[in-house]
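Chain and residue survey
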Amino acid sequence: MSPGRETHERERRIELLMAESAPLRRYVSGILGADLHTVEDVVQETLLRAWEAADRLDWDGRPIRMWLFRVARNLAVDARRRNRSLPVGIDPSEFAGLPSVPDPAATVVDRCVLVGALRALAAPHREALAQVHLLDRSGADVARTLGIPRGTVKSRTYHGIAAIRREPAAIEESG
């Protein structure tokens, strides 16, 4: 085939395909319904496959429409199966047995309140609380480390916790 004839044949094939795009779109819409994005994807894929198989297709002896509709139907069925296999949404009732996760924002607020309350404590109370409750050490270990009697550790942790428990109430009253 001469280059001029080849160009003419290619343009003719493009025109034939473009002429079939509207009927093809209507046909695929009848199969898939109102999902315009999927319809357009199927039509584009059908036209692309026709273009890739152009040298193997009989453009003169048979109407190309039948071949296009068969390919489009197969692609539409595949798309429908694929879309049906995907979950539509998540139903929260399906997860009723799972433990609830605290709201991260509430955790941040709680941490800010706790840090502010710890800063407001006297240094000896803050140190005793940090050793016992944050570092999970026993009262006897803390007493040895700080060089104070065990009863003093108990007293400082008790009064420190009492002060912290009062702190959120003071914040809520002023806030």
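On a predicted model such as this, the values are computed, not experimentally measured, just so you know.

Thresholds, definitions, all that
Residues numbered from 1 in each chain as written. Predicted model: local features only at pLDDT ≥ 70, side-chain atom pairs only at ≥ 80, totals over all residues. Heavy atoms only, no water. Helix = DSSP H or I, 4+ residues; strand = E, 2+ residues; numbered from the N terminus. Buried < 20%, exposed > 50% of the residue type's maximum accessible area, 1.4 Å probe, protein only. Contact = heavy atoms within 4.5 Å. Areas by Shrake-Rupley, 256 points an atom, 1.4 Å probe, with all protein chains shown as cover. Salt bridge = Lys/Arg side-chain N within 4 Å of Asp/Glu carboxyl O. Expected span 1.5 Å × (residues − 1). pLDDT = per-residue confidence, 0-100. Axes fitted to C-alpha atoms, helices over the stretch in contact; angles between N-to-C directions. Left-handed = near helix turned anticlockwise from the far one by under 90°. Nonpolar A, V, L, I, M, F, W, Y, C, P; charged D, E, K, R; others polar. Core = buried A, V, L, I, M, F, W, Y, C linked by side-chain atoms within 4.5 Å.

1. Description of the overall build of the protein chain
- Along the protein chain, the regular secondary structure elements total seven helices and zero strands.
- Beginning at the N terminus, the succession of helices and strands in the protein chain can be written as α-α-α-α-α-α-α.
- Looking at the protein chain as a whole, 25% of its 175 residues qualify as buried.
- Sequence separation of at least 24 residues holds for 59% of the intrachain contacts in the protein chain that already meet a minimum separation of 6.
- If you sum the accessible surface of the protein chain, you get close to 12,700 Å²; carbon and sulfur atoms cover 55% of it.

2. Side note on the pattern of salt bridges
- This structure, assessed with the given rule, holds five salt bridges.
- For Arg49, the salt bridge goes to Glu45, with nearest N and O atoms at 2.9 Å. A residue pair is termed a helical-turn pair when its members lie 3 or 4 positions apart in one helix, as Arg49 and Glu45 do in helix 2 (residues 36-52) at four residues.
- On the accessibility criterion, Arg49 (37% relative accessible area) is partly exposed.
- When its relative accessible area of 28% is taken as the criterion, Glu45 is described as partly exposed.

3. A closer look at the environment of Ala163
- Relative to the helices and strands, Ala163 is located in helix 7 (residues 150-174).
- On the accessibility criterion, Ala163 (22% relative accessible area) is partly exposed.
- Sequence separation between Ala163 and Ala120 is 43 residues, and the spatial gap between their C-alpha atoms is 8.8 Å.

4. A few points about helix 2
- The terminal C-alpha atoms of helix 2 lie 24 Å apart, and with 17 residues this matches the ideal 24 Å at 1.5 Å per residue to within 8%.
- Looking at helix 2, one finds that the buried residues are Thr38, Val39, Val42, Val43, Thr46, Leu47 and Ala50.

5. Here we look at the confidence of the model for the protein chain
- Mean pLDDT over the protein chain stands at 81; residues scoring 70 or higher make up 83%.
- Here helix 7 stands out as the least confident element of the protein chain, with mean pLDDT 77; helix 6 (residues 139-146) is the most confident, with 90.

6. Focus on unusual backbone geometry
- Despite not being glycine, Asp136 shows a phi value in the positive range, around 55°.
- You can see Asp136 is positioned in the loop between helix 5 (123-134) and helix 6.
- Residue class for Asp136 comes out exposed when judged on its relative accessible area of 67%.

7. A word on the packing of helix 1 (residues 3-32) against helix 2
- With their axes 9 Å apart at the nearest point, helix 1 and helix 2 run at an angle of 145° to one another. Seen along the crossing, helix 1 lies across helix 2 with a hand that is right-handed. Between helix 1 and helix 2, the contacting residues are Arg10, Arg13, Ile14, Leu17, Met18, Ser21, Leu24, Arg25, Val28, Ser29 and Leu32 on the first element and Thr38, Val39, Glu40, Val42, Val43, Thr46, Leu47, Ala50 and Trp51 on the second.
- Split by residue class, the contact of helix 1 with helix 2 holds twelve nonpolar, four polar and four charged.

8. Focus: the side chain of Thr157
- Mapped onto the elements, Thr157 comes out in helix 7.
- For Thr157, the contacting residues outside a window of four places in its chain are Ala128, Leu129 and Val132.

9. Digging into the nonpolar core
- With 20 residues, the main nonpolar core has Leu24, Val28, Leu32, Val42, Val43, Trp67 and Leu68 as its most contacted residues.
- Where this core is concerned, the elements lending two or more residues are helix 1, helix 2 and helix 3 (64-85).
- Not counting residues within four places of it along the chain, the set of residues in contact with Trp67 comprises Thr46, Arg49, Ala50, Ala53 and Leu57.

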